[in-house]
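A structural walkthrough
Each chain, written out:
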2 protein chains.
Amino acid sequence: MADKTLYDIRVEPQDVDFTLRATLASLGGSILNIAGTDAQTKGFGVDVLGRSNLSWVLSRFAMEFDSRPEQYGSYVIATWISDYNRLMSTRNFTLTGSDGRIFGRAVSQWCMLDLTTRTAVDMTSTAGMHAQWIVDAPPPAERPRKIGPLGDAALTSEHRVAYSDIDFNRHMNTMRYIELMLDMLPVDLVASDRGVRFDVNFLRESRYGQMLTLGCAEQDGEWRFAVSADGAECLRAAISFAV
Amino acid sequence: MADKTLYDIRVEPQDVDFTLRATLASLGGSILNIAGTDAQTKGFGVDVLGRSNLSWVLSRFAMEFDSRPEQYGSYVIATWISDYNRLMSTRNFTLTGSDGRIFGRAVSQWCMLDLTTRTAVDMTSTAGMHAQWIVDAPPPAERPRKIGPLGDAALTSEHRVAYSDIDFNRHMNTMRYIELMLDMLPVDLVASDRGVRFDVNFLRESRYGQMLTLGCAEQDGEWRFAVSADGAECLRAAISFAV
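Residues numbered from 1 in each chain as written. Chains lettered and ligands numbered in written order. Predicted model: local features only at pLDDT ≥ 70, side-chain atom pairs only at ≥ 80, totals over all residues. Heavy atoms only, no water.

1. Observations regarding the pairing of strand S8 (residues 196-202) of chain A
Residues and elements named next belong to chain A. Taken across its seven residues, S8 has seven buried, putting it largely inside the fold. Neither face of S8 is open: one carries Val196, Phe198, Val200 and Phe202, the other Arg197, Asp199 and Asn201, and all of them are buried. In terms of strand pairing, strand S2 (residues 54-65) meets S8 through six bridges, oriented antiparallel. The partner of Met63 across the bridge, within S8, is Phe198. (Buried < 20%, exposed > 50% of the residue type's maximum accessible area, 1.4 Å probe, protein only. Helix = DSSP H or I, 4+ residues; strand = E, 2+ residues; numbered from the N terminus. Pairing = 2+ DSSP bridges.)

2. Comments concerning the packing of aromatic side chains
Residue and element names in this part refer to chain A. Applying the stated rule across the entire model yields two aromatic pairs over all chains. Both rings, one in Tyr75 and one in Phe103, keep their centres 5.6 Å apart while their planes meet at 90°; by these two values the pair is edge-to-face. Here Tyr75, found in strand S3 (residues 74-84), pairs with Phe103, found in strand S5 (residues 102-114); they are 28 residues apart in sequence, far enough to count as distant. In this structure Phe103 comes out as buried when scored by relative accessible area, which is 9%. A cation over an aromatic ring shows up here: Lys4 above the ring of Trp80, its NZ or CZ 4.1 Å from the ring centre. (Phe/Tyr/Trp six-rings, centres within 6.5 Å; stacked < 30°, edge-to-face > 60°. Lys NZ or Arg CZ within 6 Å of the ring centre and 35° of its normal.)

3. Quick look at the interface of chain A and chain B
Opposite the 23 residues of chain A that make contact, chain B presents 23 residues. Of the roughly 2,400 Å² buried where chain A meets chain B, counting both sides, 55% is carbon and sulfur surface. It is Phe18(A), Tyr163(A) and Asp183(A) that lose the most area in chain A upon contact with chain B, and together they represent 29% of the buried surface on that side. The interface formed by chain A and chain B contains six residue pairs in polar contact (both at pLDDT 80 or more). (Contact = heavy atoms within 4.5 Å. Buried area = accessible area lost by both parts, 1.4 Å probe. Polar contact = N/O pair within 3.5 Å; in protein donor to acceptor, adjacent residues only side chain to side chain.)

4. Some thoughts on the environment of Leu49(B)
All names here are of chain B. With respect to the helices and strands, the residue Leu49 is situated in helix H2 (residues 46-51). What makes Leu49 buried here is its relative accessible area of 2%. Between the alpha carbons of Leu49 and Arg194 there is a distance of 39 Å; along the sequence they are 145 residues apart. The residues touching Leu49, leaving out its near neighbours within four places in the chain, are Phe44, Leu54, Ser55, Trp56, Met112 and Met129.

5. Here's the deal with the confidence of the model for chain A
Mean pLDDT over chain A works out to 93, with 98% of the residues at or above the 70 mark. Prediction confidence for the complex, expressed as pTM and ipTM, is 0.93 and 0.92 respectively. (pLDDT = per-residue confidence, 0-100.)

6. A look at the side chain of Arg197(B)
Residue and element names in this part refer to chain B. The residue Arg197 is located in strand S8 (residues 196-202) in this model. Polar side-chain contacts of Arg197 include one of 3.1 Å to the backbone oxygen of Glu142. Not counting the four nearest positions on each side in its chain, Arg197 is found in contact with Ala62, Met63, Glu64, Ala141, Glu142, Arg143, Pro144, Arg145, Ala238, Ile239 and Ser240.

7. So, the packing of helix H1 (residues 24-41) of chain B against helix H5 (residues 174-182) of chain B
Residue and element names in this part refer to chain B. In contact at an axis separation of 10 Å, H1 and H5 are set at 165° when each is read in the N-to-C sense. Relative to H5, the element H1 lies roughly antiparallel. The two elements H1 and H5 meet at a crossing, and its hand is right-handed. Contacts between H1 and H5 involve Leu24, Ala25, Gly28, Gly29 and Leu32 on the former and, on the latter, Thr174, Met175, Glu179 and Leu182. (Axes fitted to C-alpha atoms, helices over the stretch in contact; angles between N-to-C directions. Parallel < 35°, antiparallel > 145°, perpendicular 65-115°, else oblique. Left-handed = near helix turned anticlockwise from the far one by under 90°.)

8. Side note on the relation of the copies chain A and chain B
Each copy superposes on the other: chain A lies on chain B with an RMSD of 0.0 Å after a rotation of 180° and an axial shift of 0.0 Å. In the structure described here, the two chain copies are related by an operation that fits a two-fold rotation axis. Residues of chain A ranked by C-alpha distance from the rotation axis are headed by His159(A), positioned 4.8 Å from it. (Least-squares fit on C-alpha atoms with pLDDT ≥ 70 in both.)

9. So, helix H1 (residues 24-41) of chain A
Residues and elements named next belong to chain A. Taking 1.5 Å as the rise per residue, H1 with 18 residues should run 26 Å; its terminal C-alpha atoms sit 25 Å apart, in good agreement. For H1, a buried count of 13 out of 18 residues is recorded, marking the element as mostly surrounded by other parts of the structure. At the C-terminal side of H1, Gly43 shows a positive phi close to 90°. (Expected span 1.5 Å × (residues − 1).)

10. Some points on the pattern of salt bridges
Per the counting criterion, the structure on display carries 39 salt bridges over all chains. Linking Glu222(A) and Arg145(A) is a salt bridge whose minimum nitrogen-to-oxygen distance equals 2.7 Å. Taken as a pair, Glu222(A) in strand S10 (residues 222-229) and Arg145(A) in the loop between helix H4 (128-131) and strand S7 (155-160) lie far apart in primary sequence, 77 residues in all. According to the relative accessible area criterion, Glu222(A) is buried, its value standing at 11%. A relative accessible area of 27% means that Arg145(A) is categorised as partly exposed. With its nearest N and O atoms 2.9 Å apart, the salt bridge here joins Arg118(B) to Glu205(B). Of this pair, Arg118(B) sits in the loop between strand S5 (102-114) and strand S6 (119-120) while Glu205(B) sits in the loop between S8 and strand S9 (211-219), placing them 87 residues apart in sequence. On the basis of relative accessible area, Glu205(B) is assigned to the partly exposed category, the value being 28%. One salt-bridge network, held together by shared partners, links Glu64(A), Asp66(A), Arg105(A), Arg145(A), Arg197(A), Asp199(A), Glu222(A) and Arg224(A). (Salt bridge = Lys/Arg side-chain N within 4 Å of Asp/Glu carboxyl O.)

11. Considerations on the pairing of S9(B)
The side chains of a regular strand alternate, residue by residue, between the two faces of the sheet. Relative to S9(B), strand S7 (residues 155-160) of chain B runs antiparallel, the two being bridged by six bridges. Looking across to S9(B), one finds that Ser157(B) is bridged to Leu214(B).

12. As for a nonpolar patch on the surface
A contiguous nonpolar patch, built from Leu20(A), Val46(B) and Phe168(B) and spanning about 220 Å² of accessible area, is present on the exposed surface. For Leu20(A), the location among the structural elements is in the loop between strand S1 (5-10) and H1. (Patch = residues over 30% accessible without salt bridge, like charges linked within 9 Å, V, L, I, M, F, W, Y side chains within 5 Å. Areas by Shrake-Rupley, 256 points an atom, 1.4 Å probe, with all protein chains shown as cover.)

Quick look at the structure:
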């Protein structure tokens, strides 16, 4: 049985907002970058999958933070895969500050996509490649929940997917989605150092040149989001802040 | 007399575009982040200046690249201050690939700002703090040139300065300006691996919530840009690609 793998991160000036604490987007970016690095290091990254015309696609993601670390602070990301089934592989993360306390937790669920048919592959046949890396430790937080349709949006905005938004696949980058959603919220709320939980469901990719429509509404004590590209829904999200 | 200081950088997946080469924005980001790190390490960073109610402000910046490094490639940034006068301190950079060849050069010119009066400080009296770090080596490329007004813009776009765009000072981040400008160009041009030179003149800061108007036109074989915030010009830039 494998162990959790640890990565050291330092909060650089480019990671912080005007409160001099790491932004949620930079923390989420570090988490997802470590997911890629860890898979690559262990031999089941997108580089290896690509040779079989397969790729990992993020399906659902949840992250929660008790507080955000300060500029020049350092923290450790521990990551491990806890389980997988036919459709989803679950990769987990904890973030531990230099005081030894866990201040962040994240759970990500990934599909393996056939790049020709654009459909999900049954991982019970192909994911043997990462079976040896399963760690016998449950997710450190509630798994990403399924988010329902938004209903009436109180706030909307538009954004055309540009060169700087896209990743190696010409798809809209996950962290740019998160930035665009946070940018719709009251700045003093986003910049406050409250406990926060962010759930995201990815429904469909958006591509270079598509016009995104973002809707946002405060419902049941949380902020709910829906993003569509050319009329087709591509993402739902919910963010809640501790009172 | 001091020597150039070296920093190792690796091109991570989050730094590349769909050609799997580092974006101009990520290269520029690395350069400017190293500027901050180097000043901080040597005792004249914004942290120390802040205690005297002073700060460094980027006034002009030029970067040129013969090619862009590939994902997982590594390179070395050498940085040094070549000279300063009453108004400007000149910090230089070369980027050297793992083959030992210099593929990128940059020159940045910084003012020292009094944060109360918002005016430039005469550095001949205050910059003794960095005099010992001057290196006897000239800039590796033409210094940033003065860019004239744009005239008629062939393309325009608007962008409201959002939470994700701003830095620790609540000002629009330099790299986000560069991303917004590159996003106005034909994507195949920006993604091509041609030689490129980028000159930027910073005229005025823009702040959270301001509406930016970007204008762009092809003039005399280069792309020229002007950015205004609420009607006041804040930036001019020019980018030229090798044929």
